[in-house]
Each structure stands twice: as structure tokens, then as C-alpha cells.
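If you want the building blocks of each chain, they are given just below.
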Amino acid sequence: MTPVRFPSRRDALRLGAAGVLGWSLPQCLALAAAEKSGSKAAARYVLVVLEQGGLSHMDTWDPKPDAVAEHRSPHSPIRTRVPGIHFTDLMPETAKVADKLAVVRSMCHTKAGASGHPDGTQYALSGSHPGSALRMPDIGSVVSQVLGTACPYLPPYIMVPGNHEQASQTSTGFLSAGTKVYKTGGANLADPKWKVGGLEPRPETSAERLAAREQLLGGMNARFGQGSTAAFGGMDRFYEQAFDTLTSPKVAKAFDYQGEPLSVRERYGVGHRGACYLVGRKLIEAGVRFVTVDARWPLTPEVPGGFNLNWDHHDEIYAKGSCGTVRDKAGGEGRYGIGHWVMMGSTDRAFAALIADMDQRGLLAETLVCFVTEFGRTPKLNKFHGRDHWTNAYSIAFAGAGVRGGQVIGATDRDGGHVASDPFTPEAYAATIYEKLGIDRAKPLYTSNNRPVFLGHDADPIPQLL
């Protein structure tokens, strides 16, 4: 008779991942051991709004009314709530919350090699230049590794929806797969049929069945616990969180945009972008440590020709509707003019609502909100009446977590083409996030072959934000 072999603890954990859960969420939960204790961090959470494609700074945050006429934006400066600070007339709602914002008008890339969308987006996501020999992780993955989760039933790093043009540039770098971003997916979050895939039990794993298997795993843990290693012992928490995710009714509620009052949804703006920003707020409210919102408006019957509605306005940037397809196969087609509702109209509405809503709910006190893009646009219009990629100057904005609102940091020249004072790079942006979260930048992380890697050492944080 063949002797019966009882499974080892290693077997049990492997079976738990493959059989009990049936999907890869435990990898997303295998994080650092515990939250940082005793930290004097200004922020507990980070919400990044990534408007991918290269938003034109002189048409939004950094108006240039004295630029030469042939290249000047038709969008004039308007007053904001803060005397002396002006945005353009594409941002009337954001102007009302300027007292909560710190706008950095002097962002730039001092190193070549990040002027395209893939590398520029990677740079924005990681805060590390993409030319490095070692692929660096997203800032959100670093935060997952160091701080872990503050929410027992959701991954610590979530992207909503995670389908922008360069979404494949997200990376765990040298960190484990357990720090990987969870992308909700969804072409149109305002669609009543939208649901988050993968965070609900499969039919074959009902709550009762999951509970029975959790009890079985618990018994095996107790049986083999004395001989287990510390590494495997630490997995208990990750599987407990996985079970919580698959059984907690709070999961669906955290993503339930349609469950918000109509007045709230309308405040953010009807449509995809407003829904994305609102889900971002809901995830922060649920306790997700690091949330990135990206919002590329979907192709719908209401926006014919709008098959790639990001900010890559190489053509007809000031078109009233679709930019058409006028460029000689060099890119830029598939968008609408920057002033159209699906572009800056919806962005202005959603971002202003997000800041006001988070402030009213008390979430800004512990949440650092960052509005970023991978680079800006050229100060000169090209022959297609558009603006091309520009890394010499662009703008990003911050709010919350002790950031002093109502300030502009740095400046560009008359045309918005070059930084005139206080230049800052994506490395400084990343260092600011780490500093706000209380992450000790003097302590390295380690690669799989035990090589120390220091995060945030290539630049200091932006001092005016601390």
C-alpha cells in the first residue's frame, strides 16, 4: 500500500493560492510585513491623477498672455480664489479651489531620453529616469513594499481604470510581484453595467466554501506551524486578507460609483472622467494606500472620431470638436480639441469636485493629492496647428497632507518654453511623496540578489510642499 503523504505547509500555501482562491490576488497581497509604526508622516494615503498624453501647461496652469501672437493660446488668464494667481479660462471650477492647491510650474526633464509617451509615463509613474540600467518600480509599488496596506480587504496600490495608452508601463521593477498595481479595468466607468472584475468570488467558491477552506488551511497551519520558517509564517496575514477580499461586502461598495447620490455624481460631472475621479475618492475613503486615477474618455456615439482621447494634441489643439486626422501618419489623430467637454471641460469639473469633496470629508488632512502629466507641450504651434512633446517646462499640482495651498512654485519664461526659476524633476516629485509618507529615504530596498537600492536619492523633495 502506498503510504499517505500529508501535504507540507509549503504545499498548503501553494494549494491555497491555486485552489482556494483560484486567481493571483495573493501575489498582490504578499507585501511588506507591517505598517511603519511611530511615523510622523504628514500623509497616510496618496491619490495621483495621471492625465496621460502631455497636458499643455500654457493652456491650463501657466497662462502666457504675452507670448508671441502666432503661438499664443486663445484661452485667456482668469482670476482664481487666490489674488495674484491665474489659470486659463479652461479651468473656471479649479480656480475656485486654488486656495487648496500648490501648482509647480517649473517641472522639467534635465536628462534626455524621456520625451516619448512610454518612457515619459514610466518616468512619471516611478520618479526614476527610464534610462537606468535597473528597471525601477512604480512609486505605488515602493509604497506597497514599505508601508503595506491600511485596508484589510483591498490591495494597497490600485489604478482606476488602468487602460490609458501607456498603462503597460506600470512596473514592480526589482520588487516582488506582490507589489504589483491592481487595475480595475473598464472602458467607461459611468456605464451602469461596469463592475470590477476579479474581486468577487467565483461561482465554485461561494462564501461557505471559502470559509470551509479557510478553516482547513488554518488547521494545517497549526499542524505544521512549529516547523515553518518565518517567511511562510508571514504569509498567514496575506491569505487572511485574500479571504477578506473575497468575502467582504465592502469590496463592491468601495467601487460602487452608481451608489453615490446623484448630486455627488453630477458634481464630479456626468461621464467617464467624473466617475473615475469619484471612484478614486471612494478608494481613499476605504483606506487604499496608493490610488492612481487615469481617465481617457471612451469612444462613444457622442464623440465620433474620439478613439484616443488623451492629451497628445499634435493636431488642431484648438478645434471645437474632433481634431480629425490631418497629420501625415505622425500621430495626433483621434482626439478632440483641448477646450471640448471630454477634454478640459470634464477635467476641470472633476478635479475641482475631487478637491472640494475630499476637503469637506476631512480626507485632505491625511491624503496627498497629485495632479500630474508626463511632460508639457511646445511653446510654438506646429504646421498642423498643434503642440508637440516638450520636456523643458511643464506644470503639476498638489493638495492635502499639510501642503500649503494658494501658492505657485517656480516659473517659466514669457512663452512657457523654459524654466526661469526653481526647476524640479520627476525625481523631486517622487522624493516629495516618500517624504510626505514618512518613508526613510536613507534606508535601501533590496533586489533579489541582495543589492541595495536607494529610493529618492537623486533629488530632494520640493521644499515648498513640506
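Structure's up top.
Now for a look at the structure at hand. Here the structure is a predicted model, which means the values were calculated and not measured.

Ordered in space as 6-5-7-1-8-11-4-12, the eight strands form an open sheet in which the pairing is mixed. The sheet terminates laterally at strand 6 (182–183) and strand 12 (407–409), the two strands that pair on one side only. With three bridges connecting them, strand 8 (residues 367–372) and strand 11 (residues 394–399) associate as antiparallel partners. Note that in strand 11 the partner of Val369 across the bridge is Ala399. The strands touched by helix 12 (residues 341–360) are strand 1 (45–50), strand 8 and strand 11; relative to strand 8, the strand with the most contacts, the crossing angle is about 170°.

Attention now moves to the pattern of salt bridges. For the coordinates displayed, the defined rule picks out 16 salt bridges. Here Glu260 ties to Lys282 by a salt bridge, and the two come within 2.9 Å at their closest N and O atoms. Within this pair, whereas Glu260 is found in the loop between helix 9 (250–255) and helix 10 (262–268), its partner Lys282 is found in helix 11 (residues 272–286), the two being separated by 22 residues in sequence. Using a relative accessible area of 11% as the deciding quantity, one classes Glu260 as buried. Through salt bridges that share partners, Glu260, Arg281, Lys282, Glu285, Asp357 and Arg361 make up one connected network.

Right, let's get into the packing of aromatic side chains. According to the stated counting rule, one finds six aromatic pairs in the structure shown. Where Trp61 meets Phe371, the ring centres are 5.5 Å apart and the plane angle is 70°; that geometry is what we call edge-to-face. Residue Trp61 is located in the loop between strand 1 and strand 2 (77–79), and its partner Phe371 is located in strand 8; the two are separated by 310 residues in the primary sequence. No difference in accessibility class separates Trp61 from Phe371, as the two residues are buried. Considering the side-chain rings of Phe351 and Phe371, the 5.0 Å spacing of their centres and the 65° angle between planes classify their relative orientation as edge-to-face. Residue Phe351 is found in helix 12, and its partner Phe371 is found in strand 8; the two are separated by 20 residues along the sequence.

By size, the foremost hydrophobic cluster in this structure holds 65 residues, and its most contacted members are Trp61, Leu154, Phe255, Tyr277 and Leu283. Sort the elements by how many residues they give to this core and helix 12 lands first, with 10 residues. Aside from chain neighbours lying at most four places away, what touches Leu283 is Leu154, Ile158, Val160, Ala254, Phe255, Val288 and Val291. Formed by 42 residues, the second largest nonpolar core is a distinct cluster that contains Val104, Ala401, Tyr429 and Leu437.

With an omega of -10°, the peptide bond between Val160 and Pro161 qualifies as cis. Among the secondary structure elements, Pro161 is positioned in the loop between strand 5 (157–160) and strand 6. In this model, Glu316 sits at a positive phi of 45°, which is unusual for a non-glycine residue. With respect to the secondary-structure elements, Glu316 resides in the loop between strand 7 (290–294) and helix 12. Given a relative accessible area of 26%, Glu316 falls into the partly exposed group. The backbone phi angle of His385 is positive, close to 60°, even though this residue is not glycine. By secondary structure assignment, the location of His385 is in the loop between strand 9 (376–377) and strand 10 (389–390).

Rules of the game
Residues numbered from 1 in each chain as written. Predicted model: local features only at pLDDT ≥ 70, side-chain atom pairs only at ≥ 80, totals over all residues. Heavy atoms only, no water. Pairing = 2+ DSSP bridges. Helix = DSSP H or I, 4+ residues; strand = E, 2+ residues; numbered from the N terminus. Contact = heavy atoms within 4.5 Å. Axes fitted to C-alpha atoms, helices over the stretch in contact; angles between N-to-C directions. Salt bridge = Lys/Arg side-chain N within 4 Å of Asp/Glu carboxyl O. Buried < 20%, exposed > 50% of the residue type's maximum accessible area, 1.4 Å probe, protein only. Phe/Tyr/Trp six-rings, centres within 6.5 Å; stacked < 30°, edge-to-face > 60°. Core = buried A, V, L, I, M, F, W, Y, C linked by side-chain atoms within 4.5 Å.

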